[in-house]
Amino acid sequence: MEHDQTERYLLAILGHFNVNVAMSDEVPKLVNSLPRESYENVKAEYARRLKHQLFGTDDFYDATACDARDKQSARQFFEDVYKYAFEGGEEPDVTDYWDRPKPTDW
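Note that this is a predicted model, so its numbers are computed, not measured.

The rules we used
Residues numbered from 1 in each chain as written. Predicted model: local features only at pLDDT ≥ 70, side-chain atom pairs only at ≥ 80, totals over all residues. Heavy atoms only, no water. Axes fitted to C-alpha atoms, helices over the stretch in contact; angles between N-to-C directions. Helix = DSSP H or I, 4+ residues; strand = E, 2+ residues; numbered from the N terminus. Parallel < 35°, antiparallel > 145°, perpendicular 65-115°, else oblique. Left-handed = near helix turned anticlockwise from the far one by under 90°. Contact = heavy atoms within 4.5 Å. Nonpolar A, V, L, I, M, F, W, Y, C, P; charged D, E, K, R; others polar. Buried < 20%, exposed > 50% of the residue type's maximum accessible area, 1.4 Å probe, protein only.

The next thing to look at is the packing of helix α3 (residues 36–51) against helix α5 (residues 71–87). Following both chains from N to C, one finds α3 and α5 inclined at 160°, their axes separated by 11 Å at the closest point. Overall, the two elements α3 and α5 adopt an arrangement that is roughly antiparallel. Crossing of α3 over α5 shows left-handed handedness. For the pair α3 and α5, the contacting residues are Y39, V42, K43, Y46, A47 and L50 in the first and F78, E79, V81, Y82 and F86 in the second. Looking at side-chain class alone, the contact of α3 with α5 contains 9 nonpolar, no polar and 2 charged residues.

Further remarks concern unusual backbone geometry. Even without glycine at this site, A22 takes up a positive phi of about 50°. Structurally, the position occupied by A22 is in the loop between α1 (2–15) and α2 (27–33). A relative accessible area of 57% means that A22 is categorised as exposed. The backbone phi angle of A65 is positive, close to 70°, even though this residue is not glycine.

Written out as structure tokens, the structure is:
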């Protein structure tokens, strides 16, 4: 049961970066609202996926609705989201990782 909830929380965090939703600024609020055990489980699962390089370009598309520039850009995105969500890092900008030029009006 906890695994399913961990997966849902993880997907909720990543879903905030979908360019059609654009709610990534809400991620710290979401993460900080998790019960302590759920927070630890989500953080550990996310770290495990990073360590074993389980996030790729398909996951980037699923999270953002955009194609990643390349495999390394996708991985960097997920590393940066982890830092943002769990370590107080800077909010990632999806346009830094996707496969097209950054819009000038953003």
